[in-house]
Amino acid sequence: MAEPLLRIGAAYIRVSDERQDEYSPDSQLKKIREYAAKEGYQIPDDYVFYDDGISGKSTRKRGEFNLMIAVAKEKNHPFDKIYVWKFSRFARNQEESLVYKNLLRKHDVAVVSVSEPLPDGAYGDLIERIIEWMDEFYLTNLATEVRRGMTEKASRGEPTCAPPFGYIMRDGCYYPDEDSGAADIVREIFRRYADGEGMREIANNIGTRGVRTKFGGMPQNRWIEYILNNPCYIGMIRWSRDGVRAVSKRDYDNDNIMTVQGHHEPLIDRALWDDVRIRLEAQKRLYPAHARREQPIEYMLKGLVRCSSCGGTLAVNGISGKARTRCLQCCNYARAACHVSHGITIPRIESAVIGCLRQAVGSQTFAVMPSKPRESEQKGVDYDKLITLEKRRLERAKEAYLAGVDTIEQYAAVKEDSTNKIAELTAMRDRDNAPQSLDTASYAAKVAKVLEIITDEEIAPAAKNEALRTVVEKIVYNKPEERVEIYFWGE
Ligand SMILES: [Zn+2]
């Protein structure tokens with residue numbers, strides 16, 4: 001029979017001047033090796049990590065410790081256990097110890113304290129739970145750290161995302177994509193637009209010549225617009241502080257988007273960029289966004305129904321069944337920005353709204369959203385701002401804790417206090433924004449008149465829509481609860 005293979009472990013030793021009664025590093029290592037051997041582990045000299053932690057206030061100074069963590073995080077890490085004399089020698093405090101232990105656990109590396117083995121049973125479970133809680137906490141912070149890192153990268157002019165059309169990425173830098181001709185296409189788009197051609201015209205022209213977008217799609221005017229608005233082509237790097245979403249949503253005027261000088265070669269010069277800007281501005285003035293999108297009103301509820309989950313407007317998105325009935329859907333759901341489907345056929349929502357209006361007229365009760373300044377505004381209280389400030393305070397406390405400035409107790413105290421305050425402020429804000437009720441016979445008569453118009457088969461949808469808008473501010477459709485709420489303008 002073959003002898004069981006010895007498994008490989010690592011040892012971490014840190015000495016400090018805090019304790020005079022401690023074993024010397026050599027005797028610690030001896031005891032560690034004895035303990036490991038009983039578990040079938042061998043610790044080669046190469047994997048003995050030693051830090052002289054005389055002033056070990058921060059992990060930054062613990063060079064060997066960091067090296068050991070780095071080795072453990074490697075894909076084919078050579079050891080799967082790290083032996084320490086005491087957990088307190090492993091990290092400078094319990095919290096940090098848990099964070100690192102958990103990080104290592106993710107890489108299947110266990111940390112074993114030779115002089116204080118983890119107890120079994122209830123106490124061990126408790127520790128497991130604490131570790132899990134730390135895990136969550138650690139990951140939350142990691143996302144913030146990643147974002148901060150990306151922001152720093154962008155502020156140095158280094159790209160943080162895939163190159164736009166016309167560039168290729170090599171060694172973390174953008175280079176003009178001359179080989180495929182994409183760089184020339186970008187130059188052409190700018191030149192032609194500055195010369196007065198329309199976006200659709202340019203898109204059609206280059207599309208028929210076989211040009212496709214990065215994702216293989218036919219060029220459309222929106223794509224042309226996106227290219228014309230991308231400062232990357234004059235050598236800038238763009239980055240959104242709240243992640244990539246704002247950039248990809250083509251929100252060109254977002255405050256959170258920062259633009260800095262990049263290190264890559266521009267495809268077009270400033271003069272051409274400025275010419276394009278002038279024309280884009282002029283076009284925007286000539287054709288405001290709402291005018292460009294204006295379409296005939298083909299059903300009476302157009303633009304009036306909102307999604308209860310995200311507040312988005314419901315719009316026609318398809319047809320259903322043999323009768324080819326048109327369906328409405330939350331506009332955000334269609335582009336995956338809302339996660340609750342609010343699909344409903346037009347006849348169903350129309351009859352629900354009519355029923356709801358009849359009920360309101362019958363009971364003479366009309367929900368009205370507050371429009372006049374409420375008490376809070378008279379006092380100058382901005383709950384949203386206070387909530388944001390409180391959230392920021394909580395975020396800072398978390399950072400202070402992770403940076404080792406505050407203890408976990410200090411953080412926990414701030415967290416509790418902050419969470420309570422946020423809940424309190426949210427409740428006050430909601431109370432302030434709650435709809436009022438209007439109950440007058442004269443308003444009921446006005447709504448009854450509108451009801452007459454919208455139930456008249458002879459009247460066109462556009463006229464019904466106009467009539468509805470004189471009394472209805474918005475209709476909220478709550479699909480999960482199969483409920484329709486109507487909010488009125490009031491008198
Ligand atoms: Zn929605």
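Look up a bit, the structure's there.
Conventions we followed
- Residues numbered from 1 in each chain as written.
- Predicted model: local features only at pLDDT ≥ 70, side-chain atom pairs only at ≥ 80, totals over all residues.
- Heavy atoms only, no water.
- Pairing = 2+ DSSP bridges.
- Helix = DSSP H or I, 4+ residues; strand = E, 2+ residues; numbered from the N terminus.
- Axes fitted to C-alpha atoms, helices over the stretch in contact; angles between N-to-C directions.
- Contact = heavy atoms within 4.5 Å.
- Phe/Tyr/Trp six-rings, centres within 6.5 Å; stacked < 30°, edge-to-face > 60°.
- Buried < 20%, exposed > 50% of the residue type's maximum accessible area, 1.4 Å probe, protein only.
- Arc of directions from axis to C-beta.
- Polar contact = N/O pair within 3.5 Å; in protein donor to acceptor, adjacent residues only side chain to side chain.
- Core = buried A, V, L, I, M, F, W, Y, C linked by side-chain atoms within 4.5 Å.
- Salt bridge = Lys/Arg side-chain N within 4 Å of Asp/Glu carboxyl O.
- Left-handed = near helix turned anticlockwise from the far one by under 90°.

A. Structural context of the sheet that holds strand β11 (residues 305-307). Taken together, 5 strands build an open sheet; the order of strands is β11-β17-β18-β15-β16 and the sheet is mixed. Bordering the open sheet on either side are β11 and β16 (436-438), each of which pairs with just one other strand. On average, each strand axis in the sheet is tilted by 40 degrees relative to the strand beside it, whichever way the strands run. Pairing of strand β15 (residues 366-368) with β16, which is carried by 3 bridges, proceeds in the antiparallel orientation. Considered in β16, the bridge of V368 is made with Q436. The strands touched by helix α13 (residues 346-363) within the sheet are β11, β15, β17 (472-478) and β18 (483-488), with β18 carrying the most contacts at an inclination of about 55 degrees.

B. Focus on the packing of aromatic side chains. Counted by the stated rule, this structure contains 15 aromatic pairs. A centroid spacing of 6.3 Å and a plane angle of 65 degrees characterise the contact between F49 and F79, whose relative ring orientation is edge-to-face. With F49 in strand β4 (residues 48-52) and F79 in the loop between α2 (63-73) and β5 (81-84), this pair connects stretches of sequence that are 30 residues apart. Accessibility expressed as a relative area gives 1% for F79, which makes it buried. Here F366 and F488 contribute two aromatic rings whose centre-to-centre distance is 5.0 Å and whose plane-to-plane angle is 85 degrees, an arrangement assigned as edge-to-face. Here the residue F366 occupies a position in strand β15, and F488 occupies one in strand β18, the gap between them amounting to 122 residues. The rings of Y167, Y174, F190, Y233 and W273 are connected pair by pair, giving a single aromatic cluster.

C. Expanded view of helix α18 (residues 461-471). Looking at α18, one finds that the buried residues are K464, N465, A467, L468 and V471. Projection of α18 onto a plane perpendicular to its axis shows the buried side chains occupying an angular sector of 165 degrees, all on one side. Elements that come into contact with the buried residues of α18 comprise α13, α17 (441-454), β17 and β18.

D. A look at the environment of D51. Structurally, D51 can be placed in strand β4. Exposure remark for D51: the relative accessible area of 7% places this residue in the buried category. Among the polar contacts listed, one links the side chain of D51 to the backbone nitrogen of E64, at a separation of 3.2 Å.

E. The sheet that holds strand β2 (residues 10-15), seen in detail. One open sheet accounts for 4 strands, arranged β4-β2-β5-β6; its pairing is parallel. A single partner strand is all that each edge strand has here, and the edge strands are β4 and β6 (110-113). Strand-to-strand twist across the sheet, computed as the mean angle between neighbouring axes with direction ignored, equals 20 degrees. Bridging between β5 and β6 involves 4 bridges; their strand directions are parallel. The partner of K81 across the bridge, within β6, is A110. Docked against the sheet, helix α1 (residues 25-38) engages β2, β4, β5 and β6, running at close to 155 degrees with respect to β2. Its contacts with the sheet put α2 on β2, β4 and β5, and the angle it makes with β4 is roughly 150 degrees.

F. Up close: the side chain of T213. Locating T213 in the fold gives a position in the loop between α7 (199-208) and α8 (221-228). Those residues within four positions of T213 in sequence are excluded, and the remaining contacts are M218, P219 and W223.

G. Layout of the nonpolar core. Counting residues in hydrophobic clusters, the biggest one holds 36 residues, and the most contacted among them are L357 and F488. Of all the secondary structure elements, the ones that give two or more residues to this core are β11, β13 (325-330), α13, β15, α17, α18, β17 and β18. Ranked by the residues each element gives to this core, the list is headed by α13, at 7 residues. Setting aside its immediate chain neighbours within four residues, F488 contacts L357, A360, F366, A367, V368, M369, Y443, V447, V471, V472 and E473. Judged by nonpolar contacts, the second largest core, of 34 residues, contains M199, A203, I206 and Y233.

H. Representation of the pattern of salt bridges. Per the stated rule, a full pass over the model turns up 18 salt bridges. Residues E482 and R348 are paired through a salt bridge, measuring 3.2 Å at the closest nitrogen-oxygen approach. One end of the pair, E482, is in the loop between β17 and β18; the other, R348, is in helix α13, and 134 residues separate them in sequence. Accessibility expressed as a relative area gives 47% for R348, which makes it partly exposed. Salt bridges sharing partners connect three or more residues here, namely E188, R192, E197 and R209.

I. Molecular detail of the environment of S437. Within the fold, S437 resides in strand β16. Distance in space between the C-alpha atoms of S437 and T365 is 6.5 Å, their sequence separation being 72 residues. Setting aside residues up to four positions removed in sequence, S437 forms contacts with T365 and F366.

J. Spotlight on the pairing of β17. Among the 7 residues in β17, 6 count as buried, and that is most of the element. The sheet contact formed by β11 and β17 spans 3 bridges and is parallel. Within β17, the position partnered with V305 by the bridge is I475. Here β17 runs beside β18; their pairing, made up of 6 bridges, is antiparallel. Bridge assignment links I475 to a residue of β18, and that residue is I486. With antiparallel pairing between neighbouring strands as the criterion, β17 and β18 make up a hairpin whose turn holds 4 residues, including E482 at a positive phi of roughly 50 degrees.

K. A look at the packing of helix α6 (residues 182-194) against α7. Between α6 and α7, whose axes approach to 10 Å, the crossing angle comes to 145 degrees. Seen along the crossing, α6 lies across α7 with a hand that is right-handed. Residue-level inspection shows I185, E188, I189, R192 and Y193 of α6 in contact with α7, the latter providing M199, I202, N205 and I206.

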